[in-house]
Every structure is written in C-alpha cells, then in structure tokens.
Amino acid sequence: MSTSSILETVQLEHIPSTHSVHIAVFRDVENAAFLHQQLLARNPDFEYALIDAGVITSSLQVLSAAFRAINVQVAGTMRTPNVHSEIVWSLSPNNNIAESYRRYGITPESRDLIIVKVLVTPLVSSSSSPPAVETDSDASAKPLLTPQTIEEHLLTHVKGRPVPFTDLTLGELTDWGRVRKYYKLNGVSWLDKIKDPATKDKEMNMLIMSGMALRGV
Amino acid sequence: MAADSGAQQFPLPAILEYPSSTPPELITQGAEGRLYKSTYLLPSIPCALKYRPPKPWRHPVLDARLTRHRILSEARNLAKCRREGVPVPTVYATDESAGWLMMEWVAGGPVRAAINEWLQRRRDSEQAEGRSGDAIVEGTREEDADLVALLRRIGAAVGHMHKVGIVHGDLTTSNMMLRPWEKGKEPTNGHNVEGDGLLEGEIVIIDFGLASQSSSDEDRAVDLYVLERAFASTHPRAEKLFTAMLESAYKDAFKQAPIVLKKLEDVRMRGRKRSMLG
C-alpha cells in the first residue's frame, strides 16, 4: 500500500493470486443518495460493495466478507448478481438478500461508507496448478481497471472525506446499537460481564465473524 | 504453496492450493479427515482447517451428503457453544460442498500432554527422594494443587457445554487444549501463581466432529463416561482424583448434574452402549 493512496490493497490468504481486494473509507459522504441510485440502476461503472460503516466493527469483518464472496465467485455458486453484492450479503448472518442490502449496504441516508472493489486480473501465464479462474464480467467489457483508475473514480464521484481503513477509524464509525441487533448480541449475557474493553471487543468481533460464517449453515 | 513442502503426502484441498504467506502444515490425520494449520485472511492470523476428503469407496451422492452433513453439524455445534460462552474455537468459514471448515487456531497444547508431563515430573521427583514414583495421586499434597485446579476447570467446561445442550461425543484429554491465559481471563482464585505453569491455562474444548445437540441425561452421562475411561487409560495414576474433581466441578457448573451423575453410575455398570445390538 502506498501511503498517498486512499485505497488499502489486500491480497487475502488462500485466494487466487488473480484476485485483489481494494478498500476505501469515506466519512461524511454527502451524495449517498446518488451512489445508491447508481447501484439500483446497476450502473456498471459503480460496481462496488458500498457498505454502511455503521454496521462494521473491524477490518477483519470486511475482509471476512470479501473472502467468502470471492470464494463463491471462484466456485461459480454466487446467488447475487456479482461479487460486490455478494460481499454485502456475506456480512449478514441470515439468508435474506434484500434485507442484507438494506442493513449492511448503502442507503440514501448513509453518512460513512466503506467501499470495496475486487479486481480480477487475467492469469499471466503463471503456474497451471490453480483451476482456471473465470474472467470476471467487469474485466471483459472495458479497458482494464487498476487501483489508480478506481481511486480516481472514487475521488471524483464520492463526495466525502477519505480516511484510512484501520480498526481505529472503523471503530469511530460503529453504530453498536445496530451491530448488536443485527448480529443478535443483545441476549448474550456473558459478553456484558467482561470488564476489559479490549477483550470484550475481541469477543464481540469473534461472535460477529462466527455469525457471518454460519449464514445458511 | 503445496509444491514447496515435499513432505506433503496428501493432495491439499483446493482452498489451500491458493497462495498463502506460509505453506499449510498438516497437523494430524484422523479416520475421517485431516487437520491443517494455515492462515485466515492475513498472514498474522493462524487458523485450523479441517478437511474431509471425498471417500472413493462410498457412492458419490451418499458421500457428498454425509460430508456436507458432518461439516455443517460441526460448524453449528461450535457456533452454538461459542455464542453461549463455552470456550471453543470460533468458526471462521465453511464450505460444506468442498468439505472444509476453517476455525480459530487455539494456542497451547493438548491437556493430555500437559498432564503426562506433569505426572512424569512428579515421578522423577519422587524417585529422587527414593520412592517408587508410581504412587496414586491423592490430590492432598500441596504440589497437587495445580492438578486439582486443572481437573476442576475441565469439569466446569464440560458442565457448561452440557448446560447449553451440546454433547461432545468424543471427550478425551486430547480433545481439550490448554490455552495460555489471555489478559483478564485468569481466574482470581483456584490457580497457583507460584507453580511451574505446566498446568496453567484456559480449557478449550476442540473437535466437535461427533458432537450433537442433546439434553438427554443418558447422552451426557455417556460423554462423562467416555472422558473418564479415556482419562483412566492415559493417566491411570490420577484416575481417582480425576473422578472426584470432575464430579464436584461439574456439579457446580451445571444444575442438572446430580441426575446425570446418577445415570453415570448406571453407564459405568453396563458400558457406553445402551442397547446390546451395536
């Protein structure tokens, strides 16, 4: 990751090397309604996972959703239109896709956004061991997207203040009321008995990750 | 990647074929599956991956169904325990059609190894004093406090698990890990600060491959019986102490314990199988 970039680039473990994950965080976004509209219109230029930052407690939660989404994309078993909508659905602990968009995705009222883009680069004659990756839909049509073009696109179209994708900044944006409701943490009495705040956060994050992993199980 | 480690005897599951910062390491092989140590999302997060490979001797449709069912039930039982505060590894990800389950890596070693090491040291020190070294561990000596505390933690963990409606199906001291205390989790009493630390740590129950949801006292008693037998055969010198400590801590953790312990007496008389058919 270059320091000047607003994008955090992550190469996840056990994900084909053709897939890379790029994440930006924007605070005080003024044009969420416009971005939401692009999503509803399925504007291909705006194919991102637009996540409402309020439901996110940690960077791992986002990466976890990306991991799952890329996995099902590679396996060819996606049940939503693309890997980005799959990321939003992967944040949900239940199978209701429409509800997951409303709860975890951008709404016209969203103020703080986490934006995830999965880039798929065609295989460059490396080893033949991994099974052939199907080239993604967004790679086929237009000139190849790069982190640079994504960054430019986001800076042009998202009217907000970019902040780094770190647990510290994400923690400031968390709406615990929603998180506790969506991930059903309110009935978990032992959580509230933990005194040390760091331990408590860690345990809550673990329960959230477990809830996401168990979706549909 | 797989090709890096020449010792890799088995083909890796597809998910582990994709690049990672360090090559996956085969930890153990069971009858049904294999356990790998690898990393989840970032190089800094270790994970355990349990993989149930396809069984070529089974009909493919049946094989897929059995594998799927077992992965899912293990994931559900782990998640239920985790939510209810029973110390078990967190489930990170599953792919039931590919036959794998990825979960939190539990630091530390199995309880079995710790107890054996502890018993060995005790034997050595007894022999150094000129005694035979195979005396029964009564739990009355001051040095035994660590072991007593550990056995009580085991009883409490099992009691907690039974309380939330899960029976493990294969409770042994190998399926319990002794995880070094995390900040804020050490018990305020009941652990010996001055000891050698061998038996220190939080009990984490692992391997829910045979677990099921049940609140039948019979199933719970069988769980305890299996643990008791496993303990007796791996650590015979501490068997008596084990039974006493397990039962008392189990009672403290679980309200219905007296009924289960009554059942346990029946099970001891007849063995694990209720019917004589299996």
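Conventions and cut-offs
- Residues numbered from 1 in each chain as written.
- Chains lettered and ligands numbered in written order.
- Predicted model: local features only at pLDDT ≥ 70, side-chain atom pairs only at ≥ 80, totals over all residues.
- Heavy atoms only, no water.
- Helix = DSSP H or I, 4+ residues; strand = E, 2+ residues; numbered from the N terminus.
- Buried < 20%, exposed > 50% of the residue type's maximum accessible area, 1.4 Å probe, protein only.
- Contact = heavy atoms within 4.5 Å.
- Areas by Shrake-Rupley, 256 points an atom, 1.4 Å probe, with all protein chains shown as cover.
- Phe/Tyr/Trp six-rings, centres within 6.5 Å; stacked < 30°, edge-to-face > 60°.
- Lys NZ or Arg CZ within 6 Å of the ring centre and 35° of its normal.
- pLDDT = per-residue confidence, 0-100.
- Core = buried A, V, L, I, M, F, W, Y, C linked by side-chain atoms within 4.5 Å.
- Domains from an automatic or database assignment.
- Axes fitted to C-alpha atoms, helices over the stretch in contact; angles between N-to-C directions.
- Parallel < 35°, antiparallel > 145°, perpendicular 65-115°, else oblique.
- Left-handed = near helix turned anticlockwise from the far one by under 90°.
- Nonpolar A, V, L, I, M, F, W, Y, C, P; charged D, E, K, R; others polar.
- Buried area = accessible area lost by both parts, 1.4 Å probe.
- Salt bridge = Lys/Arg side-chain N within 4 Å of Asp/Glu carboxyl O.
- Polar contact = N/O pair within 3.5 Å; in protein donor to acceptor, adjacent residues only side chain to side chain.
- Expected span 1.5 Å × (residues − 1).
- Pairing = 2+ DSSP bridges.

Looking now at the overall build of chain A. Along its length, chain A carries 10 helices and five strands. Looking at chain A as a whole, 53% of its 217 residues are labelled buried. Counting only contacts in chain A whose residues sit at least 6 apart along the sequence, the fraction spanning at least 24 positions is 74%. In the structure as shown, chain A presents an accessible area of about 9,700 Å², 56% of it carried by carbon and sulfur atoms.

Attention now moves to the packing of aromatic side chains. Evaluation of the coordinates by the stated rule reveals seven aromatic pairs over all chains. Relative to tyrosine 182 of chain A, the ring of tyrosine 104 of chain A has its centre 5.5 Å away and its plane inclined at 65 degrees; by these criteria the two rings are edge-to-face. With tyrosine 104 of chain A in helix α4 (residues 97–104) and tyrosine 182 of chain A in helix α8 (residues 176–182), this pair connects stretches of sequence that are 78 residues apart. The pair formed by tyrosine 104 of chain A and tyrosine 182 of chain A is uniform in burial state, with each residue classed as buried. By the ring-pair criterion, three or more aromatic residues cluster together here, those being Phe67 of chain A together with Tyr40 and Tyr92 of chain B. Its guanidinium or amino end placed over the ring of tyrosine 48 of chain A, lysine 117 of chain A lies 5.4 Å from that ring's centre, counting from NZ or CZ. The aromatic ring of tryptophan 89 of chain A is capped on one face by arginine 215 of chain A, whose charged end is 3.4 Å from the ring centroid.

Time to look at the confidence of the model for chain A. Predicted coordinates in areas of low pLDDT are best not read in detail. Scored by pLDDT, chain A comes out at a mean of 90, with 88% of its residues at no less than 70. Within the model, pLDDT remains below 50 along residues 125–141 of chain A, and this stretch shows 19 contacts once partners closer than five positions in the same chain are excluded.

Let's shift gears to the nonpolar core. Side chains that are nonpolar tend, in soluble globular proteins, to be buried together. All names here are of chain B. The biggest cluster of nonpolar side chains holds 59 residues, and the ones touching the most others in it are Leu147, Leu150, Ile154, Ile203, Ile205 and Phe208. Each of domain 1 (2–104) and domain 2 (109–270) accounts for three or more of the residues forming this core. When sequence neighbours within four positions are dropped, the list of residues in contact with isoleucine 205 reads Val86, Pro87, Val88, Pro89, Ala157, Val158, Met161, His168, Leu171 and Asn175.

With that settled, the discussion passes to the packing of helix α4 (residues 145–163) of chain B against helix α6 (residues 239–253) of chain B. Residues and elements named next belong to chain B. At their nearest, the axes of α4 and α6 sit 7 Å apart, and the two run at 45 degrees to each other. One finds that α4 runs oblique with respect to α6. Between α4 and α6 lies a crossing of right-handed hand. Note on element contacts: α6 touches α4 through Leu241, Phe242, Met245, Leu246, Ser248, Ala249, Tyr250, Asp252 and Ala253, opposite Leu147, Val148, Leu151, Arg152, Ile154, Gly155, Ala156, Val158, Gly159, His160, His162 and Lys163. For the contact of α4 with α6, the per-class residue count stands at 13 nonpolar, five polar and three charged.

Turning our attention to the interface of chain A and chain B. Opposite the 32 residues of chain A that make contact, chain B presents 34 residues. In total, chain A and chain B occlude about 2,800 Å² of area from one another, counting both sides; carbon and sulfur atoms represent 61% of this. Its largest share of buried area at the contact with chain B, chain A owes to Glu13, His14 and Val217 of chain A, together 27% of the area lost on that side. Applying the counting rule to chain A against chain B returns one salt bridge. Measuring nitrogen to oxygen at the nearest pair gives 3.0 Å for the salt bridge that ties glutamate 203 of chain A to arginine 82 of chain B. Taken together, chain A and chain B are joined by 12 residue pairs in polar contact (both at pLDDT 80 or more). Taken together, the elements giving at least two residues each to the side of chain A that touches chain B come down to α2 (59–75) and α10 (197–213) of chain A. For the side of chain A that touches chain B, the class distribution of residues is 19 nonpolar, eight polar and five charged.

Model confidence for chain B is summarised by a mean pLDDT of 89, while 91% of its residues fall at 70 or above. Confidence, read as mean pLDDT per element, is least for helix α3 (residues 111–128) of chain B in chain B (91) and greatest for strand β7 (residues 166–167) of chain B (98).

With that out of the way, let us pick up the pattern of salt bridges. Using the criterion set out here, one finds 25 salt bridges over all chains in the structure. The network of salt bridges with shared partners includes Glu32, Lys50, Arg52, Lys55, Arg70, Glu74 and Asp207 of chain B.

Glancing now at helix α5 (residues 217–234) of chain B. In this model, α5 of chain B (18 residues) spans 26 Å end to end at C-alpha, consistent with the 26 Å of a helix rising 1.5 Å per residue. Within α5 of chain B, 14 of the 18 residues are buried, which leaves the element mostly enclosed by the surrounding structure.

Residues and elements named next belong to chain B. Spatial ordering of the open sheet is given by β6-β8-β9, a layout of three strands whose pairing is antiparallel. The open sheet terminates on both sides in strands that have one partner only, identified here as β6 (109–110) and β9 (202–205). For β6 and strand β8 (residues 176–179), the ladder comprises two bridges, and the chain directions are antiparallel. Following the sheet pairing, glycine 109 is matched in β8 by leucine 178. The strands touched by α4 within the sheet are β8 and β9, with β9 carrying the most contacts at an inclination of about 40 degrees.

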